[in-house]
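# Summary of structural features
The residues making up each chain are set out below.
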Amino acid sequence: MTKVYIKNMVCDRCKYVVRQVFEQANVFPQTVELGLVETPKDLNTQEQQIIFSKLEAFGFEILANKQEQTVSQIKGYITEYLQSEEPIDTTLKFSVLLADSVGKDYKVLSQLFSESEHQTIEQYLIEQKIQKASELLSYNQLNISEIANQLGYSSVQHLSNQFKKVKGVTPSEFRRVGK
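Residues numbered from 1 in each chain as written. Predicted model: local features only at pLDDT ≥ 70, side-chain atom pairs only at ≥ 80, totals over all residues. Heavy atoms only, no water.

## As for the confidence of the model for the protein chain
When pLDDT is averaged along the protein chain, the result is 92, and 99% of the positions lie at 70 or above. The least confident element of the protein chain, judged by mean pLDDT, is strand 4 (residues 61-63) at 89; the most confident is helix 8 (residues 156-167) at 96. (pLDDT = per-residue confidence, 0-100. Helix = DSSP H or I, 4+ residues; strand = E, 2+ residues; numbered from the N terminus.)

If you want it as C-alpha cells, here you go:
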C-alpha cells in the first residue's frame, strides 16, 4: 500500500479530481481524503511520474517530508471539521479531536504547525472559521446567530469580534456591503 500526501486539496471537488487522475493512470485508490490518497499497491516510477505531473497541472503538490504531511493532515482535518452541516459540538475540545484524528500529541502538532506556518493552529482555525462565516453570510440563508451557532461560537458577539479582527468589518457590515 502507498500513501500519497497532497497539498492544496480543500474540498470534495478536489477529491473527485484527484481520484480521476489516479484512475486515469489505472491506479484505483482505496481512500481519497483531503490531503491523502491510499492505494492498494505501491506505485511504480512511471505511475508516479504520470500521476504527479497531472496533479501538479491541476495545482496540487506532492508532499514528501513528514512535517509537510502532518501540517497537511492538520489543515485537512480543520477543513473537514468546518465543512460539516451539523453545528460544531463545543463540548468536545478541538485540540483533543485534532490529536486523535492525526494520531499525535496536540503539543507536538502545535509546535510543528507554528514552525511551518508561522501561526498557531488556533489562529489558522479562526481564519478558516471566518472564511466559512463569510461564505455563509454571502449565501444569505442563515442569520448571524445561526452562523455563530453552526461554527461553534459561544455568542454572536464572539463571532463578531473575531470577524472584525480578521476582516476589518462586522458580519452585519460584511453582509450589508455584499463583499
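## Here we look at the nonpolar core
By size, the foremost hydrophobic cluster in this structure holds 30 residues, and its most contacted members are Ile74, Ile78, Phe94, Leu98, Ile121 and Leu159. For this core, the secondary-structure elements that each account for two or more residues are helix 3 (66-83), helix 4 (94-102), helix 5 (106-117), helix 6 (121-139), helix 7 (144-150) and helix 8. Ranked by residue count, the leading element in this core is helix 6, at eight residues. Apart from residues no more than four positions distant in its own chain, phenylalanine 94 is found in contact with Tyr77, Ile78, Tyr81, Ile121 and Leu125. With 17 residues, the next largest nonpolar core counts Val21, Val27, Leu43 and Leu55 among its residues. (Core = buried A, V, L, I, M, F, W, Y, C linked by side-chain atoms within 4.5 Å. Buried < 20%, exposed > 50% of the residue type's maximum accessible area, 1.4 Å probe, protein only. Contact = heavy atoms within 4.5 Å.)

## Digging into the packing of aromatic side chains
For the coordinates displayed, the defined rule picks out five aromatic pairs. Pairing tyrosine 77 with phenylalanine 94 gives two aromatic rings, centres 5.9 Å apart and planes at 45°, and the pair type is tilted. Taken together, the positions of tyrosine 77 in helix 3 and phenylalanine 94 in helix 4 put the pair 17 residues apart, joining distant regions of the chain. Neither residue differs from the other here; tyrosine 77 and phenylalanine 94 are each classed as buried. The interplanar angle of 75° and the centroid separation of 5.4 Å between the aromatic rings of phenylalanine 163 and phenylalanine 174 together place this pair among those described as edge-to-face. In this pair, phenylalanine 163 sits in helix 8 while phenylalanine 174 sits in helix 9 (residues 171-177), placing the two residues 11 residues apart along the sequence. Accessibility classification places phenylalanine 163 together with phenylalanine 174 in one group, the buried group. Three or more aromatic residues joined by ring pairs form one cluster here, namely Tyr77, Tyr81 and Phe94. In this structure, lysine 129 is placed above the aromatic ring of tyrosine 153, and the distance from its NZ or CZ to the ring centre is 4.7 Å. (Phe/Tyr/Trp six-rings, centres within 6.5 Å; stacked < 30°, edge-to-face > 60°. Lys NZ or Arg CZ within 6 Å of the ring centre and 35° of its normal.)

## With respect to the packing of helix 3 against helix 5
Look at helix 3 against helix 5: their axes get within 10 Å of each other, and the N-to-C directions meet at 105°. As the angle between them shows, helix 3 and helix 5 are arranged roughly perpendicular. Across the interface between the two elements, Gln67, Thr70, Val71, Ile74 and Lys75 from helix 3 touch Leu109, Leu112, Phe113, Ser116 and Glu117 from helix 5. A per-class count over the contact of helix 3 with helix 5 returns five nonpolar, three polar and two charged. (Axes fitted to C-alpha atoms, helices over the stretch in contact; angles between N-to-C directions. Parallel < 35°, antiparallel > 145°, perpendicular 65-115°, else oblique. Nonpolar A, V, L, I, M, F, W, Y, C, P; charged D, E, K, R; others polar.)

## Re the side chain of glutamine 69
Mapping glutamine 69 onto the fold places it in helix 3. Among the residues examined, glutamine 69 registers a relative accessible area of 9% and is labelled buried. Here the side chain of glutamine 69 touches leucine 63 through a polar contact of 3.3 Å, landing on its backbone oxygen. (Polar contact = N/O pair within 3.5 Å; in protein donor to acceptor, adjacent residues only side chain to side chain.)

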